[in-house]
Amino acid sequence: MKKVIYHFRTRGTGPEGVHIAGIAEGFEEAGYEVSFVSPTGRDPRQFRGSNPFKQSRESLVQRLSRYAPQVVFECGEIAYNRSAIQQMQAAMQDCDWIYERYAFFCHAAQSVAERFNKPYALEVNELAGDERVRKQVLTKRCRENERRILLGAKAVFPVSQYLADRIAEIGVMPERIHVVPNGVDAQQFFGRELEPREHLRARYGLQAGDRAYGFVGWFVPWHELDRLLSAFAQSFAGQLDRKLVLAGDGPLREALLEQAQALGIQQQLLLPGAIDYADIPAFLSALDVGIVPAVNAFRSPIKLFEYMGAGLPIVASRVEAVQSVLPDMQSAFLFDQTEIADLVRALQAVDACDAEVVGRENRALCQQQYTYQKHAQTICQVMEAR
């Protein structure tokens, strides 16, 4: 059997766990045995989509990473290479190639691949210098390492064209850059039947005649849910058959409840809590519209593809990573992320659309092009073309 090492320097939970597990299962369908290498040693298929805000005991390393000064944190990222190289070397027997989720300062895949004369691929979700929640300090050193490992990779798989353009500017030849965005698990979204929709809607507090606008994710600042609440209030305040359903958890939950009270939409806001990964298709099928309230330039939002897979029309920020995926008929529901009035316009436009027709096209496109199984096939074909 063919074998690939999949290295990721993350906890393998939340959205990143969904992506890692989906690609790994796609590799297995393509005939590969997958060996995971990571700081936790976990199999991400057991933790994908799990609630990162659920109370649990943090390890010493997690506490240090949370509270250490940034320069100390980055030195820890550099030091991690030693452990990753040791783990990877131990797993190299009969390995065909290495697939690494790029992480700042990480050069483990390149080091091991060169020692064993094997190719490696890099999946790129962000690059040094882009705006992020945790501001980088040792940016120059990170960029030097980044350039070296990108130039050494047999293939690079950025999740957005924005990142692909940046990687080309670094000097990577265009024929080695392949944009592979996020997606959905084909079996989860297209391989099983769900309960009748009216049963699911009742489960989440929706009544016959309600039009449900939904979000699934985490209640954190970068999703700009406060702007969404304001725009929803401007669009539908007092229309009790228009519901805003925010599924998730996080530090902003109480603030959102207080804002809804102040805006007079508390009766229209539903917070069903965090949804188990296996239940996401069922939850989404209870909605009428999916919302991606904020996206930065380089991300590929998983929720975008989950909404598509569930057959929903989508209101989303007008950025390249979104526009390049959605069909033209969706353009009226995209908005300028800097203008709340444009989000109001998009909400009102989607309210007047035939949700079934638009959603059907989104679902078909997702099934054809945006499953992790298809993405894994693409990666394997590129890596096997020697």
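Going along each chain's sequence as written, the residues are numbered from 1 onward. Selection of residues for local features in this predicted model requires a pLDDT of at least 70, selection of side-chain atom pairs for listing and counting requires 80 or more, and totals for whole chains, interfaces and linings are taken over all residues. Excluded from the side-chain calculation are hydrogens and water; included are all heavy atoms of the structure.

An unreviewed UniProt entry annotates the protein as Glycosyltransferase family 4 protein originating from Thalassobacterium maritimum.

Per the convention used, a helix needs a DSSP run of H or I reaching at least four residues, while a strand needs a run of E reaching at least two, with both numbered from the N terminus. Check the secondary structure of the protein and you find 16 helices and 11 strands. The atom set for the radius of gyration is the C-alpha atoms, and the globule formula is 2.2 Å times the number of residues raised to the power 0.38. For 386 residues, the compact-globule estimate of 2.2 N^0.38 gives 21 Å, and the protein sits close to it at 21 Å. Taken along the three principal axes of its C-alpha coordinates, the protein extends 65 × 45 × 40 Å. Classification of residues uses two cut-offs on accessible area relative to the type maximum, computed with a 1.4 Å probe and protein chains only: under 20% is buried, over 50% is exposed, and between them is partly exposed. A buried classification covers 55% of the 386 residues belonging to the protein. Two residues qualify as a contact provided that any one of their heavy atoms is within 4.5 Å of a heavy atom in the partner residue. Put simply, of all contacts in the protein between residues at least 6 apart along the chain, 73% involve residues at least 24 apart. Just so you have it, the protein exposes about 17,300 Å², and 49% of that area is on carbon and sulfur atoms. This count recognises Lys and Arg as positive and Asp and Glu as negative, with His and chain-terminal groups excluded. The atoms used to mark charge sites are NZ of Lys, CZ of Arg, CG of Asp and CD of Glu. Across the protein, the mean location of the 43 positive side-chain charges is 6 Å away from that of the 47 negative side-chain charges. A 1.4 Å probe and the Shrake-Rupley method give the accessible areas. Residues count as covered only by the protein chains that appear here.

A few words on the nonpolar core. Most often, soluble globular proteins have nonpolar side chains that are buried together. For the purposes of this section, nonpolar cores are sets of buried Ala, Val, Leu, Ile, Met, Phe, Trp, Tyr and Cys residues that join through side-chain atoms within 4.5 Å. Core analysis: the biggest nonpolar cluster contains 88 residues, and F27, Y99, L246 and V315 have the highest contact counts within it. Among the elements that make up this core, the one with the highest residue count is helix α9 (residues 225-236) (7 residues). Not counting the four nearest positions on each side in its chain, F27 is found in contact with V4, Y6, Y32, V34, W97, Y99, A376, I379 and C380. By size, the runner-up hydrophobic cluster in this structure holds 37 residues, among which are Y80, A103, F104 and L150.

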